[in-house]
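Observations on the model geometry
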Amino acid sequence: MKYQSTRGDAPVLDFAGALVTGLAIDGGLYVPQSWPTIDAGDLARITKMDYHEAAALLIWPFVEGSSISRQALAGMAEAAYATFRHDDVVPLHQIGDDEFLLELFWGPTLSFKDVALQLVGRLFEHELAATGRTITIVAATSGDTGSAAIEACRDRDGIELVMLHPAGRVSEVQRRQMTTVDSPNIHNVAIEGTFDDCQDLVKAMFADRSFRDANHLAAVNSINWARVAAQTVYYVTSSVALAEQGRKVSFTVPTGNFGNILAGDIARTMGAPIERLIVASNNNDILTRTHETGVMVMDGVTPTTSPAMDIQVSSNFERLLFELYGRNGNLLSEAMDEFRATGQLRLPSDGADAFRRDFAADRASEAEVEVTIASVNDGVGHLIDPHTAVGVTVGRRLRRPGETMVELSCAHPAKFPDTVFAATGVEPDLPAHLSGIWERDERVVELANDLDAVESHVAAVTAS
Ligand SMILES: *Cc1c(COP(=O)(O)O)cnc(C)c1O
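None of the values given here were measured: they were computed from a predicted structure. (Residues numbered from 1 in each chain as written. Predicted model: local features only at pLDDT ≥ 70, side-chain atom pairs only at ≥ 80, totals over all residues. Heavy atoms only, no water.)

With that settled, consider the pairing of strand β6 (residues 159-166). Remember that side chains alternate between the two faces of the sheet whenever the strand is regular. In terms of burial, β6 is largely enclosed, as eight of its eight residues are buried. Of the two faces of β6, the one carrying Ile159, Leu161, Met163 and His165 and the one carrying Glu160, Val162, Leu164 and Pro166 are both buried. Strand direction decides the pairing type here: strand β5 (residues 135-140) and β6, joined by six bridges, are parallel. From the neighbouring strand, Ile135 faces β6, where its bridge partner is Ile159. With respect to chirality, the unit in which β5 leads through helix α6 (residues 144-153) into the neighbouring parallel β6 is right-handed. Bridge count for β6 against strand β7 (residues 186-192) is six bridges, and the pairing is parallel. Note that in β7 the partner of Leu164 across the bridge is Val189. Handedness of the crossover joining β6 and β7 through helix α7 (residues 172-179): right-handed. (Buried < 20%, exposed > 50% of the residue type's maximum accessible area, 1.4 Å probe, protein only. Helix = DSSP H or I, 4+ residues; strand = E, 2+ residues; numbered from the N terminus. Pairing = 2+ DSSP bridges. Right-handed = clockwise from strand over helix to strand, strands pointing away.)

Below, the discussion takes up the environment of Ile137. Relative to the assigned elements, Ile137 resides in strand β5. C-alpha separation for the pair Ile137 and Glu160, spaced 23 residues apart in sequence, amounts to 6.1 Å. Every residue in contact with Ile137, bar those within four places of it in the chain, is listed here: Phe124, Cys153, Ile159, Glu160, Leu161, Val162, Ala218 and Val220. (Contact = heavy atoms within 4.5 Å.)

Before going further, it helps to spend a moment on the sheet that holds strand β14 (residues 403-409). Ordered by their spatial adjacency, six strands build an open sheet running β3-β4-β14-β9-β10-β13, and the pairing between neighbours is mixed. Pairing within the sheet leaves two strands with one partner each, and these edge strands are β3 (92-96) and β13 (359-363). Neighbouring strand axes in the sheet, compared pairwise and without regard to direction, differ in orientation by 25° on average. Summarising the sheet, strand β10 (residues 277-281) and β13 pair through five bridges and their orientation is parallel. (Axes fitted to C-alpha atoms, helices over the stretch in contact; angles between N-to-C directions.)

Here the focus is the site of the ligand. Neighbouring residues of the ligand: 15 residues in total, closest Lys113, Asp144, Gly256, Asn257 and Asn260. Between the ligand and Asp144, the relevant distance is 2.7 Å, taken from an oxygen atom to a side-chain nitrogen or oxygen of the residue. A distance of 2.9 Å separates an oxygen atom of the ligand from a polar atom in the backbone of Asn260. Taking 390 Å² as the accessible area of the ligand by itself, protein coverage stands at 97%. (Near = heavy atom within 4 Å. Polar contact = N/O pair within 3.5 Å; in protein donor to acceptor, adjacent residues only side chain to side chain. Areas by Shrake-Rupley, 256 points an atom, 1.4 Å probe, with all protein chains shown as cover.)

Take the pattern of salt bridges next. Under the counting rule described, the total for this entry stands at 24 salt bridges. A salt bridge links Glu292 to Arg363, with the nearest nitrogen and oxygen atoms 3.2 Å apart. Within this pair, whereas Glu292 is found in helix α12 (residues 286-293), its partner Arg363 is found in strand β13, the two being separated by 71 residues in sequence. Look at Glu292 and you get partly exposed, because its relative accessible area is 47%. Each of Glu172, Arg175, Arg176 and Glu442 takes part in salt bridges that share partners, so that together they form one network. (Salt bridge = Lys/Arg side-chain N within 4 Å of Asp/Glu carboxyl O.)

Position of Asn316 relative to the elements: it lies in the loop between β11 (295-297) and α13 (317-324). Given a relative accessible area of 0%, Asn316 falls into the buried group. In this structure the side chain of Asn316 is engaged in a polar contact, spanning 2.5 Å, whose partner is the side chain of Arg319. Other than its neighbours up to four places away in sequence, Asn316 contacts Leu29, Ser222, Ile223, Val228, Asn257, Phe258, Gly259 and Leu262.

This part takes up helix α8 (residues 195-207). Along its 13 residues, α8 runs 18 Å from first to last C-alpha, staying within 8% of the 18 Å computed at 1.5 Å per residue. Against the buried residues of α8 lie β5, β6, β7, α9 (209-214), β8 (217-218) and α19 (451-463). (Expected span 1.5 Å × (residues − 1).)

Turning our eyes to something else, we now look at the sheet that holds β8. Strand order across the open sheet formed by five strands is β8-β5-β6-β7-β15, with parallel pairing between neighbours. The open sheet has two edge strands with one neighbour each: β8 and β15 (445-448). In the packing of α19 onto the sheet, contacts are made with β5, β6, β7, β8 and β15, and the angle to β15 comes to roughly 140°.

Right, dumping it as structure tokens:
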């Protein structure tokens, strides 16, 4: 399998190359040159496999032809999913006759980011050992990505990880999950600024070619192709399991950067029995608006109770745009330049039609999120987090008769205790393995929102 950039002007790479490169040098995202299909016999056997076996089987076609062997992939998948605290790894939890939650939060840091990053951390280490290289991963987080990346990379050979978060603007649970990790290769930086400031600093470091090369910078944010590949697995396993019960299966996905739902679209292309894929937005609804109008218009960001979905532009949407532009990197590159200049991108009309044919989209307000958290608790005595509640709100509204709706549950309710408590009067318990975050010392450096200061820190970490 080979990978090309969505903007058509970067070297073609294999899986391992796309893994360590992250963002292509033309500013595009790496995508496979063709889509694999799942063998019918494999599809029929998949529900009899352990999750890690299904993962190795389904991810292999994306990895094939790189330095990673099938056996090595299988070993890494087994180790990655052994860190999950549920026998089914990603259990289906039925909450209605035709309604299921797909719980993706049983990994070490309680969000769906672990599903991909537990594997990606191991893939990085494997590739670095094979090539004798070292890297410094630099990333920004508004919450869940930070702890998941730290947990995935801690104590791994060849990797230093510098994680920027906005000082005072992540929840205390989220901050302590990051800063109480006592590993010499983990470096937390609190930036005096917003999440956007943190992300701009990371982008500026990657855009500084000499700095990027000198410090062997690498990325683990959701544009990394390996994360999308790893996320295709649970769509296949859960849709097949429910289809075997004679159900017509659709998914509603609480969406931010479009990485999760994109994996669902790819799973469907590979042959998983998926009817509809529904994009669920909070008030930051650029994707729902694009779906309705065929024009992507940039707007500001409004903070909500589901911060992982508070995005201005969905970075992985570029991978779908590439398909909607007929896989023409030059056309997409022009469109993205125009989007950057004007804040607007009009989809080609057949592309807008295809987006509406292949996806549905809708939004949930803050008031609806609160009502949904309360109604699931009243109805089945189950606490859900506010991101899950966005998906449940939209999934319930759009479900058709005869359709089984699977709503993705992407975070444990204990990550967002205040919102859950406000809606239900119940305080969700933090799982026991995390209780140590309240006692352990925090390790974090505070820096100004200043590129020179942050680059000096990253260079010192790289040299250490
Ligand atoms: C990351 C995240 C999302 C958004 O997923 P995308 O792949 O960015 O669309 C939604 N909910 C939670 C809890 C998350 O951590």
